[in-house]
Amino acid sequence: MNRQFIQSISISWDKISKDSYLRNIESIRSLHTLPVTKPVTFFAGENGSGKSTLLEAAAIACGFNPEGGTKNYSFSTYDSHSPLHDALRISRGVRTPGWGYFLRAESFYNVASKEEEYADPLHPSEHFHEKSHGESFLAVAQKQLRPDGLYFLDEPEAALSPQRQLTLLLEIYECAKQDSQFFIVTHSPILLGLPGAEILSFDGGKIHPCKYEETDSYQLTEMFINNRKQLLERLLGE
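Residues numbered from 1 in each chain as written. Predicted model: local features only at pLDDT ≥ 70, side-chain atom pairs only at ≥ 80, totals over all residues. Heavy atoms only, no water.

**Focus: the packing of helix α6 (residues 216-226) against helix α7 (residues 228-236)**
- Running from N to C, α6 and α7 point in directions that differ by 100°, and their axes come no closer than 5 Å. In terms of orientation, α6 lies roughly perpendicular with respect to α7. Within the contact between the two elements, α6 uses M223, F224, I225 and N226 and α7 uses R228, L231 and L232.
- Of the residues that constitute the contact of α6 with α7, the class distribution is five nonpolar, one polar and one charged. (Axes fitted to C-alpha atoms, helices over the stretch in contact; angles between N-to-C directions. Helix = DSSP H or I, 4+ residues; strand = E, 2+ residues; numbered from the N terminus. Parallel < 35°, antiparallel > 145°, perpendicular 65-115°, else oblique. Contact = heavy atoms within 4.5 Å. Nonpolar A, V, L, I, M, F, W, Y, C, P; charged D, E, K, R; others polar.)

Printed below as a string of structure tokens:
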């Protein structure tokens, strides 16, 4: 039995204009229905392949603010999101999430600022701006990731050291074991190694399941570590 909050994501292409740039994104234009069966789903692939576009649209379709935060956040500093969310159909399971959070690496500064504005005596601010970028990201994870939650994370590793990425991996793993569901865009070979997750590659013109060892993040990292000297000599022409 599929116990996930979100069980599939579909696109109604009749709601997207014929001249929309979304039709030029290969992985997106070939998508009609995307089944979801695992507690953690990774979106992997090259820059510009459509990963963040789909994640962002799904988060907005589920009621999150386009720039991130909990569902209680409602603000806009710059409308950069695509109209894809208007065309998404989210097939939901019988369970309803008890909490949720949308983390966008590129707009986290704005969310951190709003977090201070929204603070009150019952909900004191975490003062993210007083922390380093990496400390702020990890603080969000440790405060916001809870059991029975729905989470959308867009490149959460952006500010994290390898050690802190392992800490985040553990936070995700523990929450997933306690009935949470995650959709995560990442280039991190550390996060992608999470046991039991489904990895969906956006490369090759179609969204498709991918084994960990088949991801570019893993293969390029392995190649660099094992052949660093030869690779750099060839790359730098020395």
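Here the narrative resumes, following the displayed structure.
**Examining the sheet that holds strand β4 (residues 88-92)**
- Ordered in space as β2-β1-β4, the three strands form an open sheet in which the pairing is antiparallel. At either end of the open sheet lies a strand with only one pairing partner, and these are β2 (33-35) and β4. Geometrically, the sheet is characterised by an average inter-axis angle of 15° between neighbouring strands, direction not taken into account.
- Two elements, strand β1 (residues 6-11) and β2, share three bridges in a ladder whose sense is antiparallel. In the strand pairing of β2, S10 is matched with T33.
- Sitting on the sheet, helix α2 (residues 51-61) is in contact with β1, β2 and β4, with an inclination near 65° to β4. (Pairing = 2+ DSSP bridges.)

**Digging into the pairing of strand β7 (residues 181-185)**
- A large share of β7 lies buried, amounting to five of its five residues.
- Examined bridge by bridge, strand β3 (residues 40-44) and β7 share four bridges and lie parallel to one another. For F42, the partnering residue across the bridge sits in β7 and is I184.
- Inspection of the sheet shows strand β6 (residues 149-154) paired to β7 by five bridges, in the parallel sense. Opposite L150, over in β7, you have Q181 as the bridge partner.
- Between β6 and its parallel partner β7, the chain crosses via helix α5 (residues 162-177), and the hand of that crossover is right-handed. (Buried < 20%, exposed > 50% of the residue type's maximum accessible area, 1.4 Å probe, protein only. Right-handed = clockwise from strand over helix to strand, strands pointing away.)

**What about α5?**
- A rise of 1.5 Å per residue sets the reference length of α5, with its 16 residues, at 22 Å; its end C-alpha atoms lie 23 Å apart and thus fit the reference within 8%.
- Looking only at α5, the buried set comprises Q165, L168, L169, I172, C175 and A176. Along the long axis of α5, the arc covered by the buried residues comes to 135°, so they all point the same way. Opposite the buried face of α5, by more than 90 degrees, sit the exposed residues Q163, L166 and K177.
- Those residues of α5 that are buried are in contact with β3, α4 (133-144), β6 and β7.
- D179 sits one or two residues past α5 and shows a positive phi near 70°. (Expected span 1.5 Å × (residues − 1). Arc of directions from axis to C-beta.)

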